[in-house]
Amino acid sequence: MGETFAYKEYLAGLLAGVATVITGHPFDTVKVKLQKHNTEAHGIKYKNGLHCTTRILQTEGVKGLYRGATSSFVGVAFESSLLFGIYSQTKQSLQGGGQSDVPRPEVIIPSAAYGGAIISFVLCPTELVKCRLQIQGTDSLVPKFSRYSSPLDCALQTVKNEGVTGIFRGGSTTLLRESIGNAVFFSVYEYVRYYMHLRLKPTLSDHSNLTDMGIGIVTGGLSGVAFWSAVLPLDVAKTIIQTAPDKSSTRNPFAVLNSIYSRAGLKGCYTGLGPTILRAFPANAAAIVTWELALKMLGINRD
């Protein structure tokens, strides 16, 4: 794949991001509400993800599950485009331009971590806006007079009240989450894909398109589950940091996690695990299938 194909990797990544939001945003809303409400010392507590989902549907309808989705569509589409594009280009550069059949961790891990670090600068402000809008539902402890009317209103109010740095609150935590998480994601993706192709391709050559889609679903789903299993505590800390009403509250994720651990144990650090894992499989399966299909349609063969 030459330099002329670079834009195709970014375009395919953008389409993958759109597929991710459509499939996964409702699960993400439930996860954020659980992380905000169930880790606080007082206020509304949800029994589990299902209870939280039922409450949202009863009080706000389906629209409530897609709260903050506008910001998410813009952020995730752009972020996904950057992530897949940077990962592919960096991997190609580290491989010396040649394609390697066998996955090489010394190529995959730095390429994925680098891509993750870059996209954290896009993700941090868009996720801050998304999280602040998501916690504004009927069960929210946020007073009605201080709620945001739209993603733009949230961004402008944040900058007005906290300065430009306020929109990047939780930035170091996002960078940590994305670097570590994507190194795990792409490692699992490349290895599972390689071994599945090795086992299935020779026996199912007549159904190559269906086989590719099946492999994409499994590899994307498992990679997504691996990503969130590895970094969910950092994500919990990020949600707390970004939605804290006091702008002088700590931005140290380890201090936040230590406080949650002392109050709720390890379970508290993995708040929102249910909806996160439920979301991770279909959302990332959709992303990988869309990405691989888009690459194929754009004339790029990854085999």
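Residues numbered from 1 in each chain as written. Predicted model: local features only at pLDDT ≥ 70, side-chain atom pairs only at ≥ 80, totals over all residues. Heavy atoms only, no water.

Enquirer: Would you take a moment to explain the packing of helix H1 (residues 6-37) against helix H5 (residues 105-134) for this structure?
Expert: In helix packing, the relevant descriptors are the interaxial angle and the interaxial distance, both defined with respect to the helix axes. Packing of H1 against H5 leaves a shortest axis separation of 9 Å and a crossing angle of 70°. As judged from the angle between their axes, H1 and H5 are roughly perpendicular. Contacts between H1 and H5 involve His25, Asp28, Thr29, Val32 and Lys33 on the former and, on the latter, Lys130, Cys131 and Gln134. (Axes fitted to C-alpha atoms, helices over the stretch in contact; angles between N-to-C directions. Helix = DSSP H or I, 4+ residues; strand = E, 2+ residues; numbered from the N terminus. Parallel < 35°, antiparallel > 145°, perpendicular 65-115°, else oblique. Contact = heavy atoms within 4.5 Å.)

Enquirer: Would you explain the pattern of salt bridges in this entry?
Expert: Between side chains of opposite charge, pairing is possible as soon as their charged atoms come close. Per the counting criterion, the structure on display carries 13 salt bridges. Residues Lys31 and Asp28 are paired through a salt bridge, measuring 3.1 Å at the closest nitrogen-oxygen approach. Taken as a pair, Lys31 and Asp28 lie in helix H1 at a separation of three residues, close to a single helical turn. Classification of Lys31 as buried rests on a relative accessible area of 4%. Exposure remark for Asp28: the relative accessible area of 7% places this residue in the buried category. Ionic pairing is found between Glu190 and Lys91, a salt bridge with its closest N-O pair at 2.9 Å. Of the two residues, Glu190 is situated in helix H7 (residues 171-200) and Lys91 in helix H4 (residues 69-94); the sequence distance between them amounts to 99 residues. A relative accessible area of 8% means that Glu190 is categorised as buried. (Salt bridge = Lys/Arg side-chain N within 4 Å of Asp/Glu carboxyl O. Buried < 20%, exposed > 50% of the residue type's maximum accessible area, 1.4 Å probe, protein only.)

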